[in-house]
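The primary structure of each chain is shown beneath.
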Amino acid sequence: MSQHFDLLVINAKIVTASDKFQADIGVIDGKIAALGKNLGTATQIVDASGLLALPGGVDAHCHLDQPQDFGLRMADDFLSGSRSAACGGTTTIIPFAAQIKGQSLQAAVTDYHQRAQDKSCIDYAFHMIVSDPTPEVLKTELPRLIREGYTSFKVYMTYDDLKLNDRQILDVLDVARQEGALVMVHAENSDCIGWLTDRLVSEGKTTPQYHGVSRPQAVEREATHRAITFSELVDVPILIVHVSGREAIEQIRWAHGRGQRIYAETCPQYLYLTEDDLGHGDYDGAKCICSPPPRDRANQQVVWDGLQHNVFAVFSSDHAPFGYDDPHGKKLRGVEQKFHHIPNGIPGLETRLPLLFSGGVKEGRISIHQFVAVTSTQPAKLYGLYPRKGSLMVGSDADIALWDPDREVTIHNQMLHHNVDYTPYEGQTVTGWPVMTFSRGRLVAKNFEFLGQAGTGEFMSCGKPMLL
Ligand code: DUC
Ligand code: ZN
Ligand code: ZN
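No experiment lies behind these values; they were computed from the predicted model shown.

Q: Explain the coordination of the zinc ion (ligand 3) to me, please; I cannot follow it from the model alone.
A: Put simply, a metal with four donors set out as a tetrahedron has ideal angles of 109.5 degrees, and one with six donors set out as an octahedron has ideal angles of 90 or 180 degrees. Coordination of the zinc ion (ligand 3) by the protein is provided by His61 (NE2), His63 (NE2) and Asp318 (OD), with metal-donor distances spanning 1.9 to 2.0 Å. Read in sequence order, the donor residues coordinating the zinc ion (ligand 3) give the pattern H-x1-H-x254-D. Taken as an interatomic distance, the gap from the zinc ion (ligand 3) to the zinc ion (ligand 2) is 4.2 Å. Within this pair, whereas histidine 61 is found in the loop between β6 (57-59) and α1 (78-87), its partner aspartate 318 is found in the loop between β15 (314-315) and α11 (352-362), the two being separated by 257 residues in sequence. The exposure class assigned to aspartate 318 is buried, which follows from its relative accessible area of 8%.

Q: Is there a simple way to explain α11 in this structure?
A: Residues spaced three or four apart along an α-helix face the same direction, because each turn holds 3.6 residues. Taken across its 11 residues, α11 has 10 buried, putting it largely inside the fold. Arg352, Leu353, Pro354, Leu355, Leu356, Phe357, Ser358, Gly359, Gly360 and Val361 are the residues of α11 that are buried.

Q: Before we go on, may I ask you to explain the domain arrangement of the protein in this structure?
A: You'll often see interface size given as the accessible area lost when the parts meet. Taken domain by domain, the protein comprises domain 1 (3-55 + 389-410 + 430-450) and domain 2 (57-374). Just the C-alpha atoms count here: the centres of domain 1 and domain 2 sit 30 Å apart. At the junction of the two partners, domain 1 supplies 30 residues and domain 2 supplies 25 residues. Between domain 1 and domain 2 the total buried area reaches about 2,100 Å² when both faces are included, carbon and sulfur atoms providing 69% of it. For lysine 362, the salt bridge identified is with aspartate 406, shortest N-O distance 2.9 Å. At the boundary of domain 1 with domain 2, the tally comes to nine residue pairs in polar contact (both at pLDDT 80 or more). Elements that contribute at least two residues to the side of domain 1 that touches domain 2 include exactly β5 (52-55), β16 (400-410), β17 (429-439), β18 (442-446) and β19 (449-450).

Q: How should I be thinking about the layout of surface pockets in this particular structure?
A: A probe as big as a water molecule, rolled over the atoms, marks out the empty space that is left. Of the voids in this model, the largest pocket is the one considered here, and its volume is about 1,300 Å³. Phe70, Tyr159, Asp160, Asp161 and Asn344 are the residues nearest the centre of the largest pocket, which is lined by 46 residues in total. Contributing elements (two or more residues each) for the lining of the largest pocket: β11 (152-156), α5 (190-202) and α6 (209-214).

Q: How should I be thinking about the packing of aromatic side chains in this particular structure?
A: The way to describe two aromatic rings as a pair is by their centre distance and the angle between their planes. Applying the stated criterion across every chain, the model contains 17 aromatic pairs. Both rings, one in phenylalanine 371 and one in tryptophan 403, keep their centres 5.6 Å apart while their planes meet at 85°; by these two values the pair is edge-to-face. Here the residue phenylalanine 371 occupies a position in helix α12 (residues 368-382), and tryptophan 403 occupies one in strand β16, the gap between them amounting to 32 residues. Just as phenylalanine 371 is buried, tryptophan 403 falls in that class too. Aromatic rings pair up to connect Phe78, Tyr112, Tyr124, Phe126, Tyr150 and Phe459 into one cluster. In this structure, lysine 154 is placed above the aromatic ring of phenylalanine 96, and the distance from its NZ or CZ to the ring centre is 5.5 Å. The ring of tryptophan 304 has arginine 365 lying over it, and the distance from NZ or CZ to the ring centre is 4.4 Å.

The rules behind these values
- Residues numbered from 1 in each chain as written.
- Chains lettered and ligands numbered in written order.
- Predicted model: local features only at pLDDT ≥ 70, side-chain atom pairs only at ≥ 80, totals over all residues.
- Heavy atoms only, no water.
- Donors = N, O, S within 2.8 Å, 3.2 Å for Na, K, Ca; no water.
- Helix = DSSP H or I, 4+ residues; strand = E, 2+ residues; numbered from the N terminus.
- Buried < 20%, exposed > 50% of the residue type's maximum accessible area, 1.4 Å probe, protein only.
- Domains from an automatic or database assignment.
- Contact = heavy atoms within 4.5 Å.
- Buried area = accessible area lost by both parts, 1.4 Å probe.
- Salt bridge = Lys/Arg side-chain N within 4 Å of Asp/Glu carboxyl O.
- Polar contact = N/O pair within 3.5 Å; in protein donor to acceptor, adjacent residues only side chain to side chain.
- 1 Å grid on protein atoms, 1.4 Å probe; cavity = no way out; pocket = protein on both sides within 12 Å on 5 of 7 lines; lining within 4 Å.
- Points joined across faces, edges and corners; volume = space filled by probe spheres on them.
- Phe/Tyr/Trp six-rings, centres within 6.5 Å; stacked < 30°, edge-to-face > 60°.
- Lys NZ or Arg CZ within 6 Å of the ring centre and 35° of its normal.

See the structure below:
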């Protein structure tokens, strides 16, 4: 029986985490209503001949408008961040509602809703950051918020304003086990970083390049191992975020060999940047300061190998936007800072997918199905958004990215849609670009142009993690 659709995407080659097939996509009320041939008529028809139709990306680790200390301010709010994501083929973002020590978790979540409301142009959910696990938080707030649909939260093993001690991490993992939440862990050893930093500063070594020296792989390896041990003791899965290189990967593989459910995430910076990008005394290196820091070429290869062998469940941007020539960013108060006072984080929402598509799929390191899995399907599953997000199935949201797999693009900051004054990937040429992005059937980006509208993105409460 022929039907009338709001939107028909015809002649698409559809690619999911498992399948590739030729079909038309019929959309009604923002949802995929039919997949097939000769489906019927439509108000809007888009011919996708020669293009790939992929599920819109799910960027499960990005920071937008997150309150900062010391006069710092993130360059992207929910409008500029979601706009940039949409133009890079991403249709779901999951940033962080961060608890400030002394604040209730609920206050952090309420505040964050206000920041997102009427701004995001694509759908979004929140992870929480638990920085102050008081008895009230552990007994009442955290379990309640998990039941209300905030089913993932991050803990930090470093940063004075955010870090938890080992006992506190065990306590929050226990709540996650009881309630069925997924805990994301920032694994770096705080005291080791502090000790190395003090030594470098006392020797007058304060330029951006020393950021990497203050956070060697050993501090990431040790914390990763410790987090894996906590997961074993509490008997709860965890996800190690932003894994940077060989040593942490070895720990994760070791845990996998023992049958532990340790999920891992990596990011474009660990495939495309190296410690050389932190500079050699010049301040430009501040543009690439993120934590953990980028390593070397040999480590990039190990991260690629990890993607190829499915060590990583998730590939995220870790977009943490601080302007470079910005008195609220990398040049705080207009002054070049010592490395340990430079805000950590780099932009990447818009370039995440093209960088992995190009270096991964086009260069034959991963299959296109692995690409869809780590950038969309698996984050949607792990963070309780599947099957609404993460696939192209009847009943799913019509979040569709149409990719031209052969489009050659040289990345320049001026073509990006974030509010940051640089990209770490300036001048990088990639092959493959998402030329049209639909969010629940609405065209939000086409050929580098943003066509969406502030406030059309919806908040989604998350289900329990669907473990892989
Ligand atoms: N950790 C993050 O997850 N993002 C930015 C900086 C950091 O240390
Ligand atoms: Zn982190
Ligand atoms: Zn982050």
